[in-house]
Amino acid sequence: YNNLFTNNDVFIYIKVFDKILGWDIDNKYIKPISDALVLSNVIKDDNLSKMFYSVKGEFSEIPHTEIYVFDNKKITEFLQNYTT
């Protein structure tokens, strides 16, 4: 995935699953996700002109995180198909 999004503005959709009912998504520390994408050269930068993101929390018996990164021009299609 090296240099996959170097010339694009990106949207990152983060889905966090936890085994606790009623937990608060704003209590999850997600900064390392965008930092790791920059350090691994998947995205060029995580500043406000190159990246934006959304985070959703859900319950799961197996805690895990799913991360979707794509060109911001595809956000409408993604949100219509994935989040419904």
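The sections below set out a description of the structure shown in this document.

One turn of the α-helix equals 3.6 residues, which is why residues spaced by three or four share an orientation. Listing the buried residues of helix α1 (residues 31-39) in full gives Ile33, Ser34 and Leu37. The buried residues of α1 occupy an angular sector of 90° when the element is viewed end-on, so they sit on one face. On its buried side, α1 packs onto β1 (10-18), β2 (51-59) and β3 (64-71). Positioned one or two residues after α1, Asn41 has a phi angle of 65°, which is positive.

On a regular strand, each side chain points to the face opposite its neighbour's, so the side chains alternate between the two faces of the sheet. The element β1 is largely enclosed, with a buried count of nine among its nine residues. Neither face of β1 is open: one carries Val10, Ile12, Ile14, Val16 and Asp18, the other Phe11, Tyr13, Lys15 and Phe17, and all of them are buried. As defined by bridge partners, β1 adjoins β2 across nine bridges and the pair is classed as parallel. Each bridged residue has a counterpart across the sheet, and for Lys15 the counterpart in β2 is Lys56. The parallel pair β1 and β2 is bridged by α1, and the resulting crossover is right-handed.

So, about the environment of Pro32. Along the chain, Pro32 turns up in helix α1. A residue is classified by how much of its surface remains accessible, and Pro32, at 39% relative accessible area, is partly exposed. For Pro32 and Asp71, which are 39 residues apart along the polypeptide, the C-alpha to C-alpha distance reads 20 Å.

A few words on the sheet that holds β3. The three strands lie next to each other as β2-β1-β3, forming an open sheet whose pairing is mixed. Two strands bound the open sheet, and with one partner strand each, they are β2 and β3. Within the sheet, the average angular offset between the axes of one strand and its neighbour, ignoring direction, is 15°. Bridge count for β1 against β3 is eight bridges, and the pairing is antiparallel. Its bridge partner lying in β3, Ile14 is registered against Ile67. Where α1 meets the sheet, it contacts β1, β2 and β3, and its direction lies at approximately 50° from that of β3.

All told, the structure shown has six aromatic pairs when counted by the stated rule. With 4.6 Å between their ring centres and 45° between their planes, Phe70 and Phe78 make a pair best called tilted. The exposure classification of Phe70 matches that of Phe78, with both residues buried. In this structure, Lys28 is placed above the aromatic ring of Trp23, and the distance from its NZ or CZ to the ring centre is 5.0 Å.

Parameters at a glance
For every chain, the first residue of the written sequence is number 1, and numbering continues from 1 onward in sequence order. Predicted model: local features are reported for residues with pLDDT of at least 70 only, side-chain atom pairs are reported and counted for 80 or more only, and whole-chain, interface and lining totals are derived from all residues. Computation of side-chain values covers all heavy atoms of the structure but excludes hydrogens and water. Here's how the labels work: a residue is buried when its accessible area is under 20% of the maximum for its type, exposed when over 50%, partly exposed in between, all with a 1.4 Å probe on protein chains only. The helix count covers DSSP runs of H or I at least four residues long, the strand count covers runs of E at least two residues long, and both are numbered beginning at the N terminus. The arc in question is the one spanned by the directions pointing from the helix axis to the C-beta atoms. Contacts are assigned to residue pairs with any non-hydrogen atoms lying within 4.5 Å of each other. The criterion for strand pairing is that DSSP finds at least two bridges linking the strands in question. A crossover gets the label right-handed when its path from the first strand over the helix to the second runs clockwise, viewed with the strands pointing away from the viewer. In this description, a line fitted to the C-alpha atoms serves as the axis of each element, helices being fitted only across the stretch in contact, and the angle between N-to-C directions of two axes falls anywhere from 0 to 180 degrees. Here a pair means two rings of Phe, Tyr or Trp (six-membered ring of Trp) with centres within 6.5 Å. Their orientation is stacked below 30 degrees between planes, edge-to-face above 60, and tilted elsewhere. A ring is scored as having a charge over it whenever the NZ atom of a lysine or the CZ atom of an arginine sits within 6 Å of its centre and within 35 degrees of its normal.

Limitation: the analysis is restricted to geometry and does not speak to function.
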